[in-house]
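The lines below spell out each chain.
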Amino acid sequence: MNVRDTVPLPPFLNVIRSSSRLSYMQEQFMLMAIEKAREGVKEGQEPFGSCVVKDGKVLSLTNSTITQDNDPTAHAEMNAIREACKTIRFPDLTGCEIYATFKPCEMCMEAIKRAGISTVYYGAGPGDVKYPTLLMELNIRSGIALDECLELVSVKYSSLK
């Protein structure tokens, strides 16, 4: 038994771990993401690819472009979400699936949830390789110009005050 099989996953994730449970098309979508990651590596990018699919149709197929774009948020999954939203001209990807060659990071998982994507398929994860963990101290200060900031968001959310 693999260690990752014993680690509980958050309930909002529907992660398929065994390729024996995947359909032929699902495997093809993952292979497309792998090929896109390989293309990125040839261009000097990190080895990550992603694919967003709805009803068997590929909406986007991207790789990581962090170096190319000088953008630390240009992960393959973020790029795939952005491109899929542009493809359908709407920021809601409800009913879509995302395929990623590596387990999406916390930023990408949050974007996946906010986009409405309900199923995540990924190949490898941090437990499968020696993957560096970013440890740094972050100073966060809150409540600055609180009333003005609350006024801005009150259009969408009600204040707790």
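Residues numbered from 1 in each chain as written. Predicted model: local features only at pLDDT ≥ 70, side-chain atom pairs only at ≥ 80, totals over all residues. Heavy atoms only, no water.

## Here we look at the overall build of the protein chain
Within the protein chain one finds five helices and five strands. Helices and strands appear in the protein chain in the N-to-C order β-α-β-β-α-α-β-α-β-α. Residues counted as buried form 32% of the 161 residues belonging to the protein chain. Pairs at least 24 residues apart make up 49% of the contacts formed inside the protein chain by residues separated by at least 6 positions. Roughly 11,100 Å² of accessible area belongs to the protein chain as shown, and the carbon and sulfur atoms make up 56% of that amount. (Helix = DSSP H or I, 4+ residues; strand = E, 2+ residues; numbered from the N terminus. Buried < 20%, exposed > 50% of the residue type's maximum accessible area, 1.4 Å probe, protein only. Contact = heavy atoms within 4.5 Å. Areas by Shrake-Rupley, 256 points an atom, 1.4 Å probe, with all protein chains shown as cover.)

## Things to note about the packing of helix α3 (residues 76-88) against helix α4 (residues 106-115)
Packing of α3 against α4 brings their axes to within 9 Å, and their N-to-C directions diverge by 20°. Comparing their axes, α4 and α3 come out roughly parallel. Considering only the axes of α3 and α4, their crossing is left-handed. Within the contact between the two elements, α3 uses Glu-77, Met-78 and Ile-81 and α4 uses Met-107, Cys-108, Ala-111, Ile-112 and Ala-115. Grouping the amino acids of the contact of α3 with α4 by side-chain chemistry returns seven nonpolar, no polar and one charged. (Axes fitted to C-alpha atoms, helices over the stretch in contact; angles between N-to-C directions. Parallel < 35°, antiparallel > 145°, perpendicular 65-115°, else oblique. Left-handed = near helix turned anticlockwise from the far one by under 90°. Nonpolar A, V, L, I, M, F, W, Y, C, P; charged D, E, K, R; others polar.)

## Examining the nonpolar core
Counting residues in each nonpolar core, the largest one holds 19 residues, and the members touching the most others are Val-52, Ile-81, Leu-93, Ile-98, Ile-112 and Ile-117. At the level of elements, α3, β4 (96-102), α4 and β5 (119-124) are the ones that each hand at least two residues to this core. If near-sequence neighbours (up to four positions away) are discounted, Ile-81 is found in contact with Val-52, Leu-93, Ile-98, Ala-111, Ile-112, Ala-115 and Ile-117. Core analysis: the second largest hydrophobic core is formed by seven residues, Met-30, Ala-33, Tyr-99 and Tyr-121 among them. (Core = buried A, V, L, I, M, F, W, Y, C linked by side-chain atoms within 4.5 Å.)

## Regarding the confidence of the model for the protein chain
Taken as a whole, the protein chain shows an average pLDDT of 87; of its residues, 86% reach a score of 70 or greater. Ignoring residues within four places in sequence, the model shows residues 1-16, a span with pLDDT below 50, making 21 contacts including any to other chains. (pLDDT = per-residue confidence, 0-100.)

## Let's talk about α3
Under the 1.5 Å per step criterion, the end-to-end length of α3 is 18 Å for 13 residues, consistent within 8% with the ideal 18 Å. Along α3, the residues classified as buried are Ala-76, Glu-77, Met-78, Asn-79, Ala-80, Ile-81, Ala-84 and Cys-85. Tucked into the core, α3 has its buried residues touching β2 (49-54), β3 (57-63), β4 and α4. (Expected span 1.5 Å × (residues − 1).)

## Some points on the side chain of Ser-60
The residue Ser-60 is located in strand β3 in this model. Judged by its relative accessible area of 1%, Ser-60 is buried. Sequence-distant contacts of Ser-60, that is, excluding residues within four places in its chain, are made with Ser-50, Cys-51, Val-52, Ala-80, Glu-83 and Ala-84.

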